[in-house]
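Structural features, examined
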Amino acid sequence: QKEVEQNSGPLSVPEGAIASLNCTYSDRGSQSFFWYRQYSGKSPELIMFIYSNGDKEDGRFTAQLNKASQYVSLLIRDSQPSDSATYLCAVNEDSSYKLIFGSGTRLLVRP
Amino acid sequence: DAGVTQSPTHLIKTRGQQVTLRCSPKSGHDTVSWYQQALGQGPQFIFQYYEEEERQRGNFPDRFSGHQFPNYSSELNVNALLLGDSALYLCASSLELTETTDTQYFGPGTRLTVL
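Attention here is on the structure that accompanies the text. Predicted model, so just to flag it, every value in this text is computed and none were measured.

Empty space among the atoms becomes apparent when a probe as large as a water molecule is rolled across them. Estimates place the volume of the largest pocket at around 450 Å³. Around the largest pocket, the lining is made up of 23 residues, and of these Gln38, Ser40 and Thr86 of chain A together with Gln37 and Gly40 of chain B lie nearest the centre. Of all the secondary-structure elements, those providing two or more residues to the lining of the largest pocket are strand E9 (85-92) and strand E11 (105-110) of chain A. By residue number, the principal contributor to the lining of the largest pocket is E11 of chain A, which donates four residues. Residues of the lining of the largest pocket, tallied by class, amount to eight nonpolar, twelve polar and three charged. Of the pockets and cavities examined, the second largest pocket occupies roughly 390 Å³. Around the second largest pocket sit 21 residues that line it, and Gln1, Lys2, Ile100 and Phe101 of chain A together with Gln44 of chain B are the ones nearest its centre. Sorting elements by how many residues they give to the lining of the second largest pocket places strand E10 (residues 99-101) of chain A first, with three residues.

Spelled out as structure tokens, the structure:
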């Protein structure tokens, strides 16, 4: 059973701090990696995707991928209370159209 | 740019009944995937439709079936509802013929409650 693991949290950070969210995956053949943000009672919203080893930056968000360690992370700089949500890591299954999701990490940004 | 739409927003059914959920993909997208999200869990893949065919299925029983129409919209049908089918049902759309074919965008979801 291919898996994506995330710490459920909550991860609590003060406003303005850097929030670091982590994810590990079991399928060595995975090529595409995604971070979704999900507010309570809402559907997941795509915020970042990454395909190559290294870092990818978009505004306050940076995704980091290390395929050798099978590890993906999301950094949120200058965290705002509006960033408080559950962050879902998703990985494509090798030779498949399926995305495998972790259970999410709940982030709380304290004003 | 029209996003993914789903209907209805909420639905309450009783055990044994049947339900149909509907999805229209994002403008320009041709592929639709369906996911089930239980409370406190990540979405679980049900199946994906492309060119009006189910091309991949997750670990869900045959009670779950679907359809894709020529305009790329899709339906998810669930027969003989069980209490455990209560969940948020998510439709995700993507575009097949690009590098990022598996970049999936979710609709607002349908909250199904089975009593």
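Turning our attention to the sheet that holds strand E3 (residues 19-24) of chain B. Whether parallel or antiparallel, the strands of a sheet pair through hydrogen bonds between backbone atoms. Residue and element names in this part refer to chain B. Strand order in the open sheet formed by four strands is E1-E3-E8-E7, and the pairing between neighbours is antiparallel. Every interior strand has two partners, whereas the edge strands, strand E1 (5-7) and strand E7 (64-68), have only one. Neighbour-to-neighbour, the strand axes of the sheet open up by a mean angle of 20°, direction not taken into account. Where E3 and strand E8 (residues 74-78) come together, five bridges link them in antiparallel fashion. Paired with Val19 across the strands is Val78, a residue of E8.

In terms of nonpolar packing, the biggest core is built from 24 residues, with Trp35, Leu74, Ile76 and Tyr87 of chain A touching the most fellow members. Every element with two or more residues in this core is listed here: strand E3 (19-25), strand E4 (33-38), strand E5 (45-50), strand E7 (61-66), strand E8 (71-76), E9 and E11 of chain A. Listed in part, the 20 residues of the second largest apolar core include Leu11, Trp34, Leu81 and Ala87 of chain B.

Parameters at a glance
Residues numbered from 1 in each chain as written. Chains lettered and ligands numbered in written order. Predicted model: local features only at pLDDT ≥ 70, side-chain atom pairs only at ≥ 80, totals over all residues. Heavy atoms only, no water. 1 Å grid on protein atoms, 1.4 Å probe; cavity = no way out; pocket = protein on both sides within 12 Å on 5 of 7 lines; lining within 4 Å. Points joined across faces, edges and corners; volume = space filled by probe spheres on them. Helix = DSSP H or I, 4+ residues; strand = E, 2+ residues; numbered from the N terminus. Nonpolar A, V, L, I, M, F, W, Y, C, P; charged D, E, K, R; others polar. Pairing = 2+ DSSP bridges. Axes fitted to C-alpha atoms, helices over the stretch in contact; angles between N-to-C directions. Core = buried A, V, L, I, M, F, W, Y, C linked by side-chain atoms within 4.5 Å. Buried < 20%, exposed > 50% of the residue type's maximum accessible area, 1.4 Å probe, protein only.

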